[in-house]
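Per-entry structural report
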Amino acid sequence: DSGVTQTPKHLITATGQRVTLRCSPRSGDLSVYWYQQSLDQGLQFLIQYYNGEERAKGNILERFSAQQFPDLHSELNLSSLELGDSALYFCASSVGGTGGMNTEAFFGQGTRLTVV
Amino acid sequence: AQSVSQHNHHVILSEAASLELGCNYSYGGTVNLFWYVQYPGQHLQLLLKYFSGDPLVKGIKGFEAEFIKSKFSFNLRKPSVQWSDTAEYFCAVNRRGSQGNLIFGKGTKLSVKP
């Protein structure tokens, strides 16, 4: 158990819908990262929050957004869903928010999103 | 842009065979390097990491990796694989001084035949 909790584990929804994925980081970790894992794209970095503020953006679509709350949990919102958004969405957390020491990331179990 | 290349998409070995998985990264500055493993249906787990110091790092489950700066490489090795090593292996890098997000390679699927 990595200490990173993601809910729900599985989600099936229809095209055009909106869903929210939730992540609770390890105790003491200030950074939360969201990744999308699909067969064709591999593991793609979406977005990072550090202590409540957006820190870095990767290949995140405009239909997607995220936030980190004062208790440090994070939510990833996916809207106007398309079939191609079906993927495994991982949340990871780390102590720091920079590329220095202690930036190893611990991953949650992921949320498998299926858009039908 | 920073990128990570893993040369082998799928490697099939028999038990007790030796393993070497290649990983090259494109960034020339100071980097932190990682290997993660993903067992079927599971989340990513850290196998080993390199931040600085001895370029030969040892990780869990008998894995090790060698950082060769001149070759921008961080290859993963294990002298004798077991059936339980069947998994997907990901090399990742983050850049010192960056925001810390990991850039991953496409992964190498390892199948070990009993």
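Rules and cut-offs
In this numbering scheme, every chain counts its residues from 1 along its sequence in written order. Going through the entries in the order they are written, you letter the chains from A and number the ligands from 1. Local features in this predicted model are restricted to residues whose pLDDT is 70 or higher, and side-chain atom pairs enter the listing and the counts only when it is 80 or higher, whereas totals over whole chains, interfaces and linings include all residues. Working from all heavy atoms in the structure, the side-chain values ignore hydrogens and water. Only DSSP runs of H or I covering at least 4 residues are called helices, and only runs of E covering at least 2 are called strands; the numbering of each starts at the N terminus. In this description the radius of gyration comes from C-alpha coordinates, and the expected globular size is given by 2.2 Å times residues to the power 0.38. Relative accessibility decides the category of a residue: with a 1.4 Å probe and only protein chains considered, values under 20% of the type maximum give buried, values over 50% give exposed, and everything between is partly exposed. Should any heavy atoms of two residues lie within 4.5 Å, those residues are considered in contact. Each accessible area value is a Shrake-Rupley result obtained with a 1.4 Å probe; residue values ignore everything except the protein chains displayed when judging cover. In this analysis, strands are considered paired if DSSP registers two or more bridges between them. As used in this record, nonpolar core signifies buried Ala, Val, Leu, Ile, Met, Phe, Trp, Tyr and Cys residues forming a set joined through side-chain atoms within 4.5 Å. In the sections that follow, a salt bridge refers to a side-chain nitrogen of Lys or Arg positioned within 4 Å of a carboxyl oxygen of Asp or Glu. Throughout this description, a polar contact denotes any pair of N or O atoms lying within 3.5 Å of each other; where both atoms belong to protein, one of them has to be capable of donating a hydrogen while the other can accept it, and for residues adjacent in sequence the pair is counted only when both atoms sit in side chains.

1. With respect to the overall build of chain B
In terms of regular secondary structure, chain B is built from 0 helices and 12 strands. Mapped in sequence order, the helices and strands of chain B form the string β-β-β-β-β-β-β-β-β-β-β-β. Taken over the C-alpha trace, chain B has a radius of gyration of 14 Å; the compact-globule value for 114 residues is 13 Å, and the two agree within 12%. For chain B, the spread of C-alpha atoms along the principal axes amounts to about 45 × 30 × 20 Å. Expressed as a percentage of its 114 residues, the buried residues of chain B come to 47%. Counting contacts in chain B only where the partners sit at least 6 residues apart, residues at least 24 apart contribute 55% of the total. Entry remark: accessible area of chain B is about 5,300 Å², with carbon and sulfur atoms responsible for 52%.

2. What to know about the pairing of strand β6 (residues 53-57) of chain A
Residues and elements named next belong to chain A. Pairing geometry for strand β5 (residues 42-50) and β6, over 4 bridges, is antiparallel. For Q48, the partnering residue across the bridge sits in β6 and is A56. Hairpin geometry of β5 and β6 is characterised by an intervening segment of 2 residues between the two adjacent antiparallel strands and by a positive phi of about 50 degrees at N51.

3. Some details on the nonpolar core
Residue and element names in this part refer to chain B. Core analysis: the largest hydrophobic core is formed by 28 residues, its most contacted members being L33, W35, L47, L48, F74, L76 and Y89. Elements with a contribution of two residues or more to this core: β2 (10-14), β3 (19-21), β5 (31-38), β6 (44-50), β8 (64-68), β9 (73-78), β10 (87-95) and β12 (108-113). Among residues more than four places away in sequence, those in contact with L33 are Y25, L48, K49, Y50, F67, F74, A92 and V93.

4. A closer look at the pattern of salt bridges
Summed over all chains, the structure comprises 7 salt bridges over all chains. As a salt-bridge pair, D85 of chain A and R63 of chain A come within 2.8 Å of each other at their nearest N and O atoms. Highlighted residues: D85 of chain A in the loop between β8 (74-78) and β9 (87-94) and R63 of chain A in the loop between β6 and β7 (64-68), separated in sequence by 22 residues. For R77 of chain B, the salt bridge is made with E66 of chain B, and the minimal N-O distance between the two is 3.2 Å. Residue R77 of chain B is found in strand β9, and its partner E66 of chain B is found in strand β8; the two are separated by 11 residues along the sequence. The exposure class of R77 of chain B is partly exposed, given its relative accessible area of 22%. Judged by relative accessible area, E66 of chain B falls into the partly exposed class, the value being 28%. One connected set of salt bridges, linked through shared partners, spans K58, E64, E66 and R77 of chain B.

5. Here's the deal with the side chain of D29 of chain A
Residues and elements named next belong to chain A. Topologically, D29 is positioned in the loop between β3 (19-24) and β4 (31-38). Assessed through its relative accessible area of 1%, D29 is described here as buried. Looking at D29, its side chain comes within polar contact range of the side chain of S93, at 2.7 Å. Side-chain polar atoms of D29 contact the backbone nitrogen of V95, separated by 3.4 Å. Not counting residues up to four positions away in its chain, the partners in contact with D29 are L72, S93, S94 and V95.

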